[in-house]
Amino acid sequence: MYQQMIFVNLPVADLDASKKFFTELGYSINPQFSDENTASVVISDTIIAMLLTRPKYAEFTKKEIVDATRSSQVLLALSAESREKVDELVEKALAAGGSTAGETQDLGFMYGRSFDDLDGHTWEVAWMDPAALEG
């Protein structure tokens, strides 16, 4: 069965610092699709974050590039397999230089936390009780 993929392209100020940040979260860099201006961060088999230097990112758009530390254009949400995995990923992000992006959301059947990466992009990490999904 075909699995559709998503490639999230993000402008970054310091490519090396951003690569270090995401590898400290436990993700890998695919060297086949990385160079001095781009890093391909493998989040899962179907989710890739393409980190691009701001000049490289500008090659793909005629629009102004948003400064994510001051403005929000997108919230990136990742699922987690448990509440503990939510905490684990967010704590890794904070230890790697990220910052808390919002309050912890604990609705019992759903638990989530969020962080901003080094460039201010907001990542939300959430777990939802499988039993709640069933009905």
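Details of the structure are given in the entry above.
Not measured: the values here are computed from a predicted model.

Chemist: Report on the pairing of strand S9 (residues 122–128), specifying residues and quantitative values.
Modeler: Relative to S9, strand S5 (residues 75–79) runs parallel, the two being bridged by 5 bridges. The residue bridging Ala77 from the neighbouring strand is Glu124, located in S9.

Chemist: For the nonpolar core, give the residues involved together with the corresponding values.
Modeler: Taken as a class, soluble globular proteins show a tendency for nonpolar side chains to be buried jointly. Phe22, Leu25, Tyr27, Leu51, Phe115 and Trp123 are the most contacted members of the largest nonpolar core, which totals 26 residues. Elements that contribute at least two residues to this core include exactly strand S1 (6–12), helix H1 (15–24), strand S3 (38–42), strand S4 (47–53), S5, helix H3 (83–95), strand S8 (110–116) and S9. With 4 residues, H3 is the single largest residue contributor to this core. Leu51 has contacts with Leu10, Val12, Leu15, Ser18, Lys19, Phe22, Asn37, Thr38, Ala39 and Val41, leaving out every residue within four places of it along the chain.

Chemist: Quick one: what's the story with the side chain of Thr38, residue by residue and with numbers?
Modeler: Tracing the backbone shows Thr38 in strand S3. Judged by its relative accessible area of 6%, Thr38 is buried.

Chemist: Describe in detail the sheet that holds S4, supporting the description with residues and values.
Modeler: Spatially, the 4 strands line up as an open sheet ordered S1-S4-S3-S2, and their pairing is mixed. Here the strands that pair on one side only, and so sit at the sheet edges, are S1 and strand S2 (28–29). Pairing geometry for S1 and S4, over 7 bridges, is parallel. If you follow Leu10 over to S4, its bridge partner there is Leu51.

Chemist: A description of the pattern of salt bridges should follow, citing residues and the corresponding values.
Modeler: If you walk through the whole model with that rule in mind, you get 8 salt bridges. The residue Glu88 makes a salt bridge to Lys85 at a minimum N-O spacing of 3.7 Å. Of this pair, Glu88 and Lys85 are both found in helix H3, 3 residues apart, which corresponds to roughly one turn of the helix. Among the ionic contacts, a cluster of salt bridges with common partners joins Lys85, Glu88 and Lys92.

Chemist: Requested: an account of H3, with residues and values cited.
Modeler: The first and last C-alpha atoms of H3 sit 18 Å apart over 13 residues, in line with the 18 Å expected at 1.5 Å per residue. Summarising the contacts, the buried residues of H3 are in contact with H1, S5, S8 and S9. Positive phi appears at Gly97, one or two residues downstream of H3, with a value of about 110 degrees.

Calculation rules
Residues numbered from 1 in each chain as written. Predicted model: local features only at pLDDT ≥ 70, side-chain atom pairs only at ≥ 80, totals over all residues. Heavy atoms only, no water. Pairing = 2+ DSSP bridges. Helix = DSSP H or I, 4+ residues; strand = E, 2+ residues; numbered from the N terminus. Core = buried A, V, L, I, M, F, W, Y, C linked by side-chain atoms within 4.5 Å. Buried < 20%, exposed > 50% of the residue type's maximum accessible area, 1.4 Å probe, protein only. Contact = heavy atoms within 4.5 Å. Salt bridge = Lys/Arg side-chain N within 4 Å of Asp/Glu carboxyl O. Expected span 1.5 Å × (residues − 1).

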